[in-house]
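Here is how the chains run, residue by residue.
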Amino acid sequence: MCPTFSQHHPFFPTPSIYSDDGEGKSKPSPPPPSMAASLLRLRSSPALNAAASRLRLQDVINMFHSPLELKAGQGYGGCTFLLHFSSSSGAGKFDFTDMTRPHTWYPIARKKKRNVFLHVGPTNSGKTYHALKRLESSSTGIYCGPLRLLAWEVANQMNGANVPCDLLTGQEREEIEGAKHKAVTVEMADVASEYQCAVIDEIQMLGCRTRGFSFTRALLGLASDELHLCGDPAAVPLIQEILKVTGDNIEIQYYDRLLPLVPLKVPLGSVSNIKKGDCIVTFSRREIYKFKKRIENGGQHLCSVVYGSLPPQTRTRQATMFNDAATEFDVLVASDAIGMGLNLNICRIIFSSLKKFDGLEMRDLTIPEIKQIAGRAGRYGSKYPFGEVTCMDPHDLSLLHSSLKSPSPDLEHAGLFPSYDLLLMYSRANPDEGIYQILEHFVQNAKLSSNYFISDCEEILKVAAVIDELPLPLQEKYLYCISPVDMADEISSQGLVQFATNYAKKGLVRLREIFTPGTLQVPKTPTALKELESIHKVLELYVWLSFRLEDSFPDRELAASQKAICSMLIEEFLERLGWQRPRWSISSNGNDLSSEKTEED
């Protein structure tokens, strides 16, 4: 549970709109829809109308996978939408929930007869390398990846090859003079522009229950002469089926792994058997620090750590320390966040378990998950001639071996989510319904073809329940709903609510109203570390909003600088935890690492 905020806490020195339990503690979880109405009673502000006009419509279109075309010269409030309905019925009988023909949402892409190249194979097979070489030689192009780290890596690679390339993610925009190429996170893919070459990395993620719709949008919507798709062969049949209606040409190139991956016949046993170049994979933050402590207490190794809630810059630097032979950090302890996005010189992957909690239940890892993580060992170009993989528990070896021998099951469905114009039209036809009701209606009533499933929008609905009665137009409520907030994190969710509330009241959100610069400190306990990670999330949220509501969130530079300080303080904690073991050793009392509440990544 997060600590109670005092007046010295860097965030939320002003009262939160969360209800108080009488002891000065905020209730830990976002209220359900029935509670939202009673908790949020905010008056409309005259500044809202002006603020609404400043929302960048092109961001709405690009981010909300909308099939809208705008007539030139028309502003935010009065633009005319040229809608490409997925229903063949007349406008009077239009079924807003008919999502059976999503390829018609992207008329620019449909005007092209695209040449689609599938580069498929296991991890470390060179498939993405070949696609990027084609991107590098094209006159215009875009790379779409699942992670900021991947977009950042590709932008650096392109610029290093003297191909000017912009970087565009939810929280970063780095424009290079003369650039005709972009490296973006897949949610930022621009479906309103035309390219000679486009690359979508990890295309099998179109089957992801939460983010799959973004990959489907890029697959159907990118208007590129050449479209290169990189990923697992399991995605091939589904992609072929989806593209039957687009008229695209499809060519498939299969790749083999460049270096062997050897599954060992014996488990690791004791952590005393850890050696240089090893990576232990575990699935909670608590377990990561337990293993780091146990390994380092042996006196032979120091450990870098990588997990999902670490800031991306911290993850990158932790990986760099592990890869650098000149440092003493020669073992990695990580979550499944290493499955993509970081180049790691791993000799041997060791699974602490082949079970994980996925946010819903404790389950066995799937075949694709096991293969994706295990495949990180033996990276081509590292000093290791092959990779190895094993488990801590001997009972897991049979599942490990069988999974590595088995092909991944074919994907059957791709994620889909209603485009923004569908939500807007439904809202106009049902003006008394809030965004929570609108989203819930689509989730419950969407009509889909057999190739698609409606994406899980549980997190979006949680945000909608909290902000639905704020006096904001639909566009801005939806913007907050799709913002990168972790509603399971109390500090992060309070940050979102405070930002939205201040914006609704005044149309202006100054960071200093809820954050006190100069109060951040190096954490001294794992609990304090978790709190600092949460503060980093809130600062990232402010930066994200500042790119979309620029005039209303004017303190982007301050937020970015404080975010960088958070990353440095987290890194200092991680380094001290290794280098100063006597000082930072934690006894088996209430502050023991093993007693920390588990945070599943």
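Within every chain, residues take consecutive numbers counted from 1 along the sequence as written. pLDDT decides what is reported in this predicted model: residues at 70 or higher carry local features, side-chain atom pairs at 80 or more are listed and counted, and totals for whole chains, interfaces and linings draw on all residues regardless. To obtain the side-chain values, all non-hydrogen atoms of the structure were used and water was disregarded.

**Student:** Give a detailed account of the side chain of S492, specifying residues and quantitative values.
**Tutor:** The helix count covers DSSP runs of H or I at least four residues long, the strand count covers runs of E at least two residues long, and both are numbered beginning at the N terminus. Here S492 lies in helix 17 (residues 490-506). Note on exposure labels: buried denotes an accessible area under 20% of the residue type's maximum, exposed denotes more than 50%, and partly exposed covers the range between, all computed with a 1.4 Å probe on protein chains only. Residue S492 is classed as buried on the basis of its relative accessible area of 2%. It only takes one pair of heavy atoms within 4.5 Å for two residues to be counted as in contact. Those residues in contact with S492 that lie beyond four places of it in its chain are V485, D486, K537 and V538.

**Student:** Outline the packing of helix 13 (residues 420-429) against helix 16 (residues 474-481), listing residues and values.
**Tutor:** Here an angle of 0 to 180 degrees is reported between the N-to-C directions of two axes, which are lines fitted to C-alpha atoms, with helices fitted over the stretch in contact. Packing of helix 13 against helix 16 leaves a shortest axis separation of 11 Å and a crossing angle of 135°. When the interaxial angle is binned, helix 13 and helix 16 end up oblique. The interaxial crossing formed by helix 13 with helix 16 has right-handed handedness. Where helix 13 abuts helix 16, its residues Y420, L423, L424 and S427 lie against L474, Q475 and Y478. Amino acid classes used here: Ala, Val, Leu, Ile, Met, Phe, Trp, Tyr, Cys and Pro are nonpolar; Asp, Glu, Lys and Arg are charged; the rest, including Gly, are polar. Classifying every residue of the contact of helix 13 with helix 16 gives five nonpolar, two polar and no charged. Each angle receives one of four descriptions, namely roughly parallel if under 35 degrees, roughly antiparallel if over 145, roughly perpendicular if within 65 to 115, and oblique otherwise. Rotating anticlockwise by less than a right angle from the far helix to the near helix defines a left-handed crossing, while the corresponding clockwise rotation defines a right-handed one.

**Student:** Run through unusual backbone geometry, naming residues and quoting values.
**Tutor:** Even without a glycine there, the phi angle at N162 is positive, about 65°. Relative to the helices and strands, N162 is located in the loop between helix 6 (148-160) and strand 3 (165-168). Under the relative-accessibility criterion, N162 is labelled exposed at 72%.

**Student:** Which residues make up the confidence of the model for the protein chain, and what values go with them?
**Tutor:** Per-residue confidence from the predictor is reported as pLDDT, a score between 0 and 100. Of all residues in the protein chain, 80% attain a pLDDT of 70 or more, and the chain-wide mean is 82. Low pLDDT (under 50) marks residues 12-91, which in the prediction has 176 contacts with non-local residues, meaning those over four places away or in another chain. Here residues 578-601 is a poorly scored stretch, pLDDT under 50, and it has 57 contacts once near neighbours within four places are set aside; other chains count.

**Student:** Outline helix 10 (residues 312-323), supporting the account with residue identities and numerical values.
**Tutor:** The length a helix should cover is 1.5 Å for every residue beyond the first. The first and last C-alpha atoms of helix 10 sit 16 Å apart over twelve residues, in line with the 16 Å expected at 1.5 Å per residue. All of the buried residues along helix 10 are P312, T314, R315, Q318, A319, M321 and F322.

**Student:** Outline the packing of aromatic side chains, listing residues and values.
**Tutor:** Only rings of Phe, Tyr and Trp enter the pairing, Trp through its six-membered ring, and a pair is recorded when the two centres are within 6.5 Å. The plane angle decides the type: under 30 degrees is stacked, over 60 is edge-to-face, the rest tilted. Under the defined criterion, the tally for this structure stands at twelve aromatic pairs. Where F499 meets F553, the ring centres are 6.0 Å apart and the plane angle is 85°; that geometry is what we call edge-to-face. Here F499 is found in helix 17, whereas its partner F553 is found in the loop between helix 18 (526-546) and helix 19 (556-579), with 54 residues between them in sequence. Since its relative accessible area comes to 1%, F553 is described here as buried.

**Student:** Go over the nonpolar core with me, naming the residues and quoting the values.
**Tutor:** Ranked by size, the top nonpolar core spans 120 residues in total, and within it L222, L229, I239, L439, Y480, F499 and F553 carry the most contacts. Here this core takes ten residues from helix 18, the largest share from any one element. The contacts of I239, once residues within four sequence positions are left out, are L118, I203, L206, L219 and L229. In this text, buried Ala, Val, Leu, Ile, Met, Phe, Trp, Tyr and Cys residues form a nonpolar core when linked through side-chain atoms within 4.5 Å. Formed by 25 residues, the second largest nonpolar core is a distinct cluster that contains A319, I338, L344 and A374.

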